[in-house]
Amino acid sequence: MDIDTDARMMVSRWIVETTRAPGIAQVAARTGHGADGVRESYRRLQDKRLLVVESDGETIRMAPPFSAVPTQHRVHVGPREYFANCAWDALGIPAALGRKATVHSRCEQSFAPLTIEVDESGPASVPCVIHFAVPAAQWWEDIVFT
Amino acid sequence: MLFFRSEELVKEWCRERGLPQRPLVTLDQLWQLARAWYKDRLTPEARRPMGNEMREIFTRIGLEGPFWDPGTRAG
């Protein structure tokens with residue numbers, strides 16, 4: 001595998017197993033690439049929109065559908081609790097893992113809790129709608145807001 | 001992309017922030033988007049859909065109009 005695939009797969013596996021993002025030293029050690037090489041790889045992966053890193057170039061903020069920071073979208077898969085970046089990614093986690101999950105989120109206006117059971121066939125029916133505040137062409141102009 | 005209990009609550013949320021109300025997506029449509037974007041994301045071959053693929057996905061699940069046009073930069 002090339003360094004970008006190595007780094008991305010290592011980050012993904014780490015998050016799946018631990019629910020948290022690895023540090024750059026851990027990625028460098030596990031992949032056998034130096035920290036500088038991993039930083040360059042992160043830049044390319046961000047350009048491909050497969051990873052979002054903080055301004056330091058090495059702290060992972062998002063490895064979509066996973067969020068490396070706590071959010072209001074919590075996804076329980078077996079004994080593990082993951083954070084998702086948005087409503088889309090909250091369903092993206094069970095889609096990526098191919099596993100049943102329970103999404104715990106909220107209505108953003110009323111703050112009423114929202115629980116969605118998801119299995120292989122999709123989410124159970126829950127009265128809710130999803131609002132996309134940003135047009136598709138602008139999603140990555142400010143991906144954190146999106 | 002945020003969850004709301006009803007369209008009325010979306011309107012309130014937008015009004016309080018001075019934001020325009022945008023198209024709403026159903027839970028079933030969101031699941032189709034999640035599958036299209038992420039079902040292969042943990043594989044070595046993973047990539048995001050390109051612009052033309054995005055347009056096809058949006059059209060297939062009933063998300064049409066300029067809001068859903070990803071533009072020239074693939075999504």
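Just so it is clear, the model here is predicted, and its values are computed rather than measured. Counting starts from 1 at the beginning of each chain's written sequence and moves along it residue by residue. Here every chain gets a letter starting at A, and every ligand a number starting at 1, in the order they are written. Local features in this predicted model are restricted to residues of pLDDT 70 or higher, and side-chain atom pairs are both shown and tallied only at a pLDDT of 80 or more, whereas totals for entire chains, interfaces and linings draw on every residue. Note that water and hydrogens are dropped before the side-chain values are worked out from all heavy atoms of the structure.

Describing the interface of chain A and chain B
Here, residues are in contact when the closest pair of their heavy atoms is within 4.5 Å. Contacts between chain A and chain B engage 57 residues on the former and 48 residues on the latter. Contact between chain A and chain B buries roughly 4600 Å² in total, counting both sides, with carbon and sulfur atoms accounting for 66%. The term buried area means the drop in 1.4 Å probe accessible area that two parts suffer when joined, counted for both and summed. Contact with chain B buries area across many residues of chain A, yet Trp 88, Gln 109 and His 131 of chain A alone supply 18% of it, more than any other trio. The salt bridge definition used is simple: a Lys or Arg side-chain nitrogen within 4 Å of an Asp or Glu carboxyl oxygen. The interface formed by chain A and chain B holds zero salt bridges in total. N or O atoms within 3.5 Å of each other form a polar contact, as long as, within protein, one can give a hydrogen and the other can take it, and as long as residues adjacent in sequence are counted only when both atoms are side-chain atoms. Across the chain A-chain B interface, the total number found is 19 residue pairs in polar contact (both at pLDDT 80 or more). Per the convention used, a helix needs a DSSP run of H or I reaching at least four residues, while a strand needs a run of E reaching at least two, with both numbered from the N terminus. Elements with a minimum of two residues in the side of chain A that touches chain B: helix H1 (3-18), helix H4 (87-97), strand S6 (101-106), strand S7 (113-119), strand S8 (122-123) and strand S9 (129-131) of chain A. It is H4 of chain A that contributes the most residues to the side of chain A that touches chain B, nine residues altogether. As a working rule, the residues Ala, Val, Leu, Ile, Met, Phe, Trp, Tyr, Cys and Pro are called nonpolar, Asp, Glu, Lys and Arg charged, and the rest polar, with Gly in that last group. The residue makeup of the side of chain A that touches chain B, split by class, is 36 nonpolar, 12 polar and nine charged. At least two DSSP bridges between two strands are required for those strands to pair. Where S9 of chain A lies against strand S1 (residues 2-4) of chain B, three bridges are found, and the strand directions are antiparallel. Residue Ile 130 of chain A lies in a different strand from S1 of chain B, and its bridge partner there is Phe 3 of chain B.

With respect to the nonpolar core
Here the nonpolar core consists of buried residues drawn from Ala, Val, Leu, Ile, Met, Phe, Trp, Tyr and Cys, with membership extended through side-chain atoms lying within 4.5 Å. Burial classification: accessible surface area is computed with a 1.4 Å probe over protein chains only, and a residue below 20% of its type maximum counts as buried, one above 50% as exposed, and the rest as partly exposed. Trp 88, Phe 132 and Trp 139 of chain A together with Phe 3 of chain B are the most contacted members of the largest nonpolar core, which has 63 residues in total. Counting contributing residues per domain, this core is built from domain 1 (3-63) and domain 2 (74-141) of chain A, each supplying no fewer than three. With eight residues, the next largest nonpolar core counts Val 129 of chain A together with Leu 2, Val 10 and Cys 14 of chain B among its residues. Domain limits in this description derive from either an automatic procedure or a database domain assignment.

With respect to the sheet that holds S1 of chain B
Across the sheet, three strands lie side by side as S1(B)-S9(A)-S2(B); this open sheet has antiparallel pairing. Only two strands of the sheet have a single partner each, and these edge strands are S1 and strand S2 (24-25) of chain B.

Overview of the domain arrangement of chain A
Residues and elements named next belong to chain A. With domains assigned, chain A is organised as domain 1 (3-63) and domain 2 (74-141). The distance between the C-alpha centroids of domain 1 and domain 2 comes to 24 Å. Contacts between domain 1 and domain 2 engage nine residues on the former and seven residues on the latter. For the pairing of domain 1 and domain 2, the buried interface totals around 740 Å² over both sides, and the portion due to carbon and sulfur atoms is 65%. The three residues of domain 1 that bury the most area against domain 2 are Val 16, Thr 19 and Arg 49, which together make up 56% of that side's buried surface. The interface formed by domain 1 and domain 2 includes zero salt bridges. Per-class residue counts for the side of domain 1 that touches domain 2 are four nonpolar, one polar and four charged.

Side note on the packing of helix H2 (residues 24-31) of chain A against helix H3 (residues 35-47) of chain A
To characterise two packed helices, one gives the angle between the axes of the helices and the distance between these axes. All names here are of chain A. In the contact formed by H2 and H3, the axes pass within 9 Å of each other and the chain directions differ by 105°. Classified by the interaxial angle, the pair formed by H2 and H3 is roughly perpendicular. Taking contact as the criterion, the partners of Ile 24, Val 27, Ala 28 and Thr 31 in H2 are, on H3, Ala 35, Val 38, Arg 39 and Tyr 42. In this description, a line fitted to the C-alpha atoms serves as the axis of each element, helices being fitted only across the stretch in contact, and the angle between N-to-C directions of two axes falls anywhere from 0 to 180 degrees. Oblique is the label for every angle not falling under 35 degrees (roughly parallel), over 145 degrees (roughly antiparallel), or within 65 to 115 degrees (roughly perpendicular).

Description of the packing of aromatic side chains
Aromatic pairing here means that ring centres of Phe, Tyr or Trp (its six-membered ring) are within 6.5 Å. Orientation follows from the plane angle: under 30 degrees is stacked, over 60 is edge-to-face, and everything else is tilted. This model, assessed by the stated rule, comprises 12 aromatic pairs over all chains. A ring pair is formed by Trp 88 of chain A and Phe 132 of chain A, whose centres lie 5.9 Å apart and whose planes are at 45°; its orientation type is tilted. Of the two residues, Trp 88 of chain A is situated in helix H4 and Phe 132 of chain A in the segment after S9; the sequence distance between them amounts to 44 residues. Its relative accessible area of 4% is what places Trp 88 of chain A among the buried residues. Relative to Trp 68 of chain B, the ring of Trp 139 of chain A has its centre 6.3 Å away and its plane inclined at 75°; by these criteria the two rings are edge-to-face. Residue Trp 139 of chain A is found in the segment after S9, and its partner Trp 68 of chain B is found in the segment after helix H3 (51-60); the two belong to separate chains. Per residue, the accessibility class of Trp 139 of chain A equals that of Trp 68 of chain B, and both read buried.

Examining the pattern of salt bridges
Here the structure, examined in full by the defined rule, presents 11 salt bridges over all chains. We note a salt bridge from Glu 58 of chain A to Arg 39 of chain A, for which the minimum N-O separation is 2.9 Å. Of the two residues, Glu 58 of chain A is situated in the loop between strand S1 (52-53) and strand S2 (60-63) and Arg 39 of chain A in helix H3; the sequence distance between them amounts to 19 residues. Taking the shortest distance from any N to any O, the salt bridge between Arg 55 of chain B and Asp 69 of chain B comes out at 3.3 Å.

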